[in-house]
Amino acid sequence: MTDIRLPAEVKHKAELEALAASDNAPRPPGWRLSPRAVETYVMGSDTPVGGVLITPKYIGDRALVQVAIATLASDRALMLVGEPGTAKSWLSEHLAAAISGTSGLIVQGTAGTSEEQLKYGWNYALLLAEGPSQKALVPSPILRAMREGKFARLEEITRTSSEIQDALISILSEKQIAIPELGEGVSAARGFNIIATANTRDRGVNEMSAALKRRFNFVTIPVVEDLEQEIRIVTRREAELRSDYQVGVEPPAELAKVLVTLFQELRAGVTKDGKTKVKQPGSVLSTAEAISVLFNSGILAQHFGDGQVTPEDLVRSLLGAVAKESRDDVKAVREYCETVAKGRAGLWKEFYSAAKRRLNP
Amino acid sequence: MNLDLLRSVHVFPIRHHSPRSSAALRAFLEHTRPSLVLVEGPHDATHLLAALVDPGTKPPVAILGYRVDGEQGSSLWPFATYSPEYVAVKWAAERGARAEFIDIAIGTALAPHEGEVVGHEDLDDPGSEESWAPEHEADEPAAAVAQVQEEEEEAPRVNVYQACAEARGFRSFEEFWEASFEAPAYDPSSFREALIAYADLVRAEGDRLVHRARDAFMARQVLERIEQGIAPERIAVVVGAAHAAAFAAGDVDLSLDECLPAPVPVAATLIPYSFPRLAEQLGYGAGNRAPRYYQRAHDAGCDFQRATLEVLVEFTEHLRLRGFMASLADTIEAYRLAVRLADIRGKAGPGLDEVREATIATLCRGDAAHVDGFLWPAMIGKSVGHVASRIGRTSLQEEFWREVRARRLPASDAPESFTLQLTNETEVGTSIFLHRLRIGEVPYPTYLGTQRGLGGRAARAKQDAALDTQAFLSQVNEAWEAQWTPATDVALVEKIVLGDTLEQVVTRALGERLANAGGAGDAADVLLDAVLTSCPVTVSAALRACDRLAAYDDDLPSLARTTSNVSYLVSFGSTRSRSSVGDQVLVPLARKSFDRAVLRVRQACTGDDEAVAPIKGALRTLHDLATSRPYLDQQAWAEAARDIAETFTVNPACSGMCCGLLYLAQKLDEDEVSRIVGLRLGAIGEPLAAASFLDGFLEVNALVMVKSRPVVEALDAFLAGIAPERFRETLPVLRRAFSRLGTTERRYLLENVLVARRIADRAEAAHIVLLEQDRERLVAMSDELSAAMDDLDELL
Ligand SMILES: Nc1ncnc2c1ncn2[C@@H]1O[C@H](COP(=O)(O)OP(=O)(O)O)[C@@H](O)[C@H]1O
Ligand SMILES: [Mg+2]
């Protein structure tokens, strides 16, 4: 299945080419498209460009995408912050793909991220055989981005150690990486920049040093609060996944509405009408999670059901997602079903009885 | 009359409060050098122009026109220094030219016409149409400011202006206006062309008849001046863009002014106005999302970039003062990002939206809080204008400003709070003044409440049964918030028909309320207000009304309110005079309403949950009074309350509350309370009724309740005893009941549950663990403990 997950620049090659062909606006040095064209690529377009329909990638506030693009067109790096599953990585991938033509120069931030992963390492066999040489050097994605004048992506920056964050400060301020072993340094070609993402649940953003923060402009990606908007995102992305992977069945629109309503109400701790308080689960019920729950229920329906996506499938898929987080969260869902879902009409009725069956075996 | 002559006068189109309009207009006037400047504004207010340009007048100010025939109705014509109308009049004064207003009379603008008033908003300006539509003013003139805003939020109007902006890729009309007209550095003639082209577009969308009638009226005024012998080339006409476009197109039907209604009787004056009111979200006219920012741009010769940098530097300093990292490099980056954003959006320069978004991304590191909390208010500003002393003021305005100055009360358009010590004669006077404004409905003060002198004890004072009321009242102080807004002066001008002094205005208002009082409680409210505002005539009248109404009143909350208000007065003498009324009048009245209330308690407690919600409040009031006022029949109350606590035929929440109140006042001992609670929560009863009893019980004082071991034992047995299938049903009520518990209460409850389950030996350990909030360890300690935790966890 993983093979079908193509990088954005490959998947949307036709769109990117069409945009480039009809883009007369000036491009910042090293950019494949003008800022306007990048915006069109990310936000989509109502009318085809050069005969190619430009699909929306990020669904949300255009102003926020414009701030991101305007930042990247300067020498400031971009930091996308927000709750998990709000499309930070998704936006980062598409921006890199549209501007640099590649979204693959990526460093995953973890507690164990090393300076080698940030700068360069060595092929030790070659190093021993021939001594330090360009051939023995293993460049990091950032070093490659510098050489080629492209964007590097740094995911979950707040999870990295403070040493790594300090090393990043000098990379960002000097725009070069010294390789003393070879007696040389690599300076960034024009077009180089970094898009980082940071998760506000990690609580690490505040602990980042002021010196590092100063190298970035910050764009906060919001959690979607509008019901219709989130339904649009979820159903659209679910349909795309279904067509990418060629599996699953299309769920009825009302089912998506049940799911997204449930997510938003549990997230907020209160029902949409503001009347009933509900227990909030500890884990993040993100938009991304809603997409995968809906997608999975389509797969369940295809394999185990009669080809129709039912509330039963939704409940199974939902519990799979929630249960893996914690027992407490299952409790929260159960209580939600009793206090909220039970009293509602339409598909909620079936949803409630399915949930009751699954939750009290 | 020859319409063609209109084309020979110098017509200049403007938008209200637009710095770019003003800059272009000034250059235009310098160039054309007219001897007569005709300005859009009510022609019968021309006599106010001298005061408008008087050096003693500092905008923002507004012309206030109001009806004097007893009907409600008023309207405002505001001016900032950067308003083109003001610039035109000022220019004329400086250059020795004559300036006159030429629009329809105030009385015409306020006259009803086809279900609305005629108004004076301009077609090209969506702000005036949406946010200060005169029909709102018609019913509630003085309080209109805040109210209009609310209504506006409820019914956002999708209109031609918004559509026009969206079609060009802008999010709002204001953004469109800024990008198209304020930011580009126009010369006068290109500005004029651009604005007229825009106005033509709006005109094509349909012209209201009154707009065309005003076109006709103003055209006639211009033509009359020409007939009087002034050469057309010596005349400049400064009018809204849509009127200018009509003149330029020769599209004026002079007969139309006949369809305007006859003017109603009015008067006009000049009053101070303020930046916050000019701001779009609060009031009149668009183009002023940020008056202070516009003022800066105007002061810098319409240089918006300079204004932007200035506010950003100011904001950086603000952040630094608050201990945030913010460097000049960040400021510059914010500015540059705003410029790049404007560029991406195809704008000539950054507008407010770009500044806001760029500041969040840079100086604020992605967090909008500081921008919305400081930068935005700083852009709006809070300046209040000043009117030259040559403008006569009403006696109410005189009184207001005299008192505000003498008492050093807040005089700016931003809320300020303060506390009055009522031990001091002067501050009692201030209190009376503020209460008079409040009751006379002059928007200025907000009463925040009465607190006991020793801050932290305020909340507890209520529950202290044996309270020395005299001492309490002698220490009383009042917390207030006050904010001057133009609506304050509007009200002071308009209320003059109700009286020449605030006392007269209040006496009249209270008199009306008394005439409409539905029960003793209403009259008692008036009584209290009359004492607070020191209106002796009304005090006597209210007392008589109370006495009369109390004899027939069957409403428990009304009777409780009467008792409470009258008792309040019994001990009030120390802080302010209550004129001639003595305890010999008040005490019998308090007794009368109290006794009547006690007789009606049982009946009042029988309603459903919704019906008894106000009853519960009355029960608490009566209980507090019974236990603190020696002249009330405490015994009768105790019997009535006990009856409610014991009987099963009233709403269980009331029973719970009475039980709790009696227990708290030590009228029930531990044994009795555990018997009653045990009975209520026992296995035989309905879980729902039990939960409701519990809710009323805990509402009284959760802490004392959960500290009582018998109570907790009964509670624990009840929780453990509810059948699982019933448990869910009672969950919402239980959840509400337990939501009254704070962390301390929860800890006590848990400790006592542990004791109740005879695992007290481990309670000490549990106590320590709980303090550490280490639930995991607690659960690991024992199965029993974890079972207890689990039950409670469901709820807490
Ligand atoms: N507003 C949105 N527009 C488009 N896709 C979204 C949006 N919000 C969430 N998604 C989808 O959810 C997933 C977000 O995952 P990801 O980018 O990894 O989140 P994050 O990095 O913020 O944790 C992607 O598949 C994305 O398509
Ligand atoms: Mg991510």
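Just so it is clear, the structure is predicted and the values come from calculations on it, not from any experiment. (Residues numbered from 1 in each chain as written. Chains lettered and ligands numbered in written order. Predicted model: local features only at pLDDT ≥ 70, side-chain atom pairs only at ≥ 80, totals over all residues. Heavy atoms only, no water.)

**Student:** Before we move on, can you summarise the overall build of chain A with the specific residues and values?
**Tutor:** Looking only at helices and strands, chain A features 16 helices and 9 strands. In chain A, 71% of the contacts between residues at least 6 apart in sequence involve partners at least 24 apart. When the accessible surface of chain A is split by element, carbon and sulfur atoms take 51% of a total near 15,900 Å². One way to put it: in chain A the 45 positive side-chain charges average out to a point 3 Å from where the 45 negative ones average out. (Helix = DSSP H or I, 4+ residues; strand = E, 2+ residues; numbered from the N terminus. Contact = heavy atoms within 4.5 Å. Areas by Shrake-Rupley, 256 points an atom, 1.4 Å probe, with all protein chains shown as cover. Lys, Arg positive; Asp, Glu negative; His and termini not counted. Charge placed at Lys NZ, Arg CZ, Asp CG, Glu CD.)

**Student:** Quick rundown of the pattern of salt bridges? Include the residues and the values.
**Tutor:** All names here are of chain B. As enumerated under the stated definition, the model contains 61 salt bridges over all chains in all. Where Asp69 meets Arg67, a salt bridge forms, and the shortest distance between an N and an O atom there is 2.9 Å. Using a relative accessible area of 16% as the deciding quantity, one classes Arg67 as buried. Here Glu646 and Arg642 are joined by a salt bridge, their closest N and O atoms 3.6 Å apart. Remark: Arg642 and Glu646 occur in helix H31 (residues 634-646); sequence separation between them is 4 residues, near one turn of the helix. By relative accessible area, Glu646 is classed as partly exposed at 30%. Residues joined by salt bridges that share partners form a network here, namely Arg171, Glu175, Arg345, Lys347, Glu354 and Glu357. (Salt bridge = Lys/Arg side-chain N within 4 Å of Asp/Glu carboxyl O. Buried < 20%, exposed > 50% of the residue type's maximum accessible area, 1.4 Å probe, protein only.)

**Student:** Go over the site of ligand 1 with me, naming the residues and quoting the values.
**Tutor:** Residues and elements named next belong to chain A. Taken together, 16 residues lie around ligand 1, and Ile59, Gly85, Lys88, Ser89 and Arg237 are the ones closest in. In this structure, a nitrogen atom belonging to ligand 1 sits 2.8 Å away from a main-chain N or O atom of Ile59. With respect to ligand 1, the side chain of Lys88 contributes an N or O atom lying 2.8 Å from an oxygen atom. Here ligand 1 has 560 Å² of accessible area as a free molecule, and 85% of this is covered by the chains. Mapped onto the shell around ligand 1, the elements with two or more residues apiece are helix H5 (88-100), helix H11 (227-245) and helix H13 (287-304). Looking at the shell around ligand 1 residue by residue, the class counts come to 8 nonpolar, 4 polar and 4 charged. Here the shell around ligand 1 spans two domains, since at least three of its residues come from each of domain 1 (8-221) and domain 2 (227-359). (Near = heavy atom within 4 Å. Polar contact = N/O pair within 3.5 Å; in protein donor to acceptor, adjacent residues only side chain to side chain. Nonpolar A, V, L, I, M, F, W, Y, C, P; charged D, E, K, R; others polar. Domains from an automatic or database assignment.)

**Student:** So, helix H28 (residues 583-599) of chain B: which residues are in play, and what are the values?
**Tutor:** Compared with the 24 Å implied by 1.5 Å per residue over 17 residues, the 24 Å span of H28 of chain B between its first and last C-alpha is a close match. For H28 of chain B, the set of buried residues is Leu586, Val587, Leu589, Ala590, Ser593, Phe594, Arg596, Ala597 and Val598 of chain B. (Expected span 1.5 Å × (residues − 1).)

**Student:** Let's hear about the environment of Gly50 of chain A: which residues, and what values?
**Tutor:** Positionally, Gly50 of chain A belongs in the loop between helix H3 (35-43) and helix H4 (62-72). The sequence separation of Gly50 of chain A and Ala21 of chain A amounts to 29 residues, and the corresponding C-alpha distance is 7.6 Å.

**Student:** For the environment of Val340 of chain A, give the residues involved together with the corresponding values.
**Tutor:** Residue and element names in this part refer to chain A. By secondary structure assignment, the location of Val340 is in the loop between helix H15 (327-339) and helix H16 (347-359). By relative accessible area, which is 6% here, Val340 ends up buried. For the pair formed by Val340 and Val322, sequence separation is 18 residues and the distance between their alpha carbons is 18 Å. Contacts of Val340, omitting those with residues within four sequence positions, involve Glu265, Thr271, Thr276, Val278 and Glu335.

**Student:** For the interface of chain B and chain A, give the residues involved together with the corresponding values.
**Tutor:** At the interface, 26 residues of chain B touch 25 residues of chain A. Linking chain B with chain A are 1 salt bridge, by the criterion used here. Arg76 of chain A is the salt-bridge partner of Asp330 of chain B, the closest N and O atoms lying 3.3 Å from each other. Along the contact surface separating chain B from chain A lie 8 residue pairs in polar contact (both at pLDDT 80 or more). Every element with two or more residues in the side of chain B that touches chain A is listed here: helix H16 (328-344), helix H17 (352-361), helix H37 (724-738) and helix H41 (783-795) of chain B.

**Student:** Now, about the nonpolar core: what can you tell me, with residues and values included?
**Tutor:** All names here are of chain B. One finds Leu619, Trp637, Cys659 and Phe697 to be the most contacted residues of the largest nonpolar core, which totals 84 residues. Sorting elements by how many residues they give to this core places helix H25 (residues 520-532) first, with 8 residues. Discounting chain neighbours no more than four positions away, the residues touching Trp637 are Phe594, Val598, Val601, Leu619, Leu622, His623 and Ala626. The next biggest cluster of nonpolar side chains, apart from the first, holds 83 residues, and it includes Val61, Ala99, Val118 and Ala242. (Core = buried A, V, L, I, M, F, W, Y, C linked by side-chain atoms within 4.5 Å.)

**Student:** Let's hear about the domain arrangement of chain A: which residues, and what values?
**Tutor:** Residues and elements named next belong to chain A. Along its sequence, chain A is carved into domain 1 (8-221) and domain 2 (227-359). For domain 1 versus domain 2, the distance between C-alpha centres works out to 34 Å. Contacts between the two partners involve 10 residues from domain 1 and, on the opposite side, 11 residues from domain 2. Of the charged contacts, one joins Lys11 and Asp244 as a salt bridge, the two residues approaching to 3.2 Å between their closest N and O atoms. For the pair domain 1 and domain 2, the number of links is 2 residue pairs in polar contact (both at pLDDT 80 or more). Per-class residue counts for the side of domain 1 that touches domain 2 are 4 nonpolar, 3 polar and 3 charged.

**Student:** Which residues make up the pairing of strand S2 (residues 36-42) of chain B, and what values go with them?
**Tutor:** All names here are of chain B. Most of S2 sits out of view: 7 of its 7 residues are buried. Strand direction decides the pairing type here: S2 and strand S5 (residues 98-103), joined by 5 bridges, are parallel. Bridge pairing in S5 places Leu36 opposite Arg98. Where S2 meets strand S8 (residues 235-240), 4 bridges bridge the pair, whose relative direction is parallel. Its bridge partner being in S8, Val37 is matched across the sheet by Ala236. (Pairing = 2+ DSSP bridges.)

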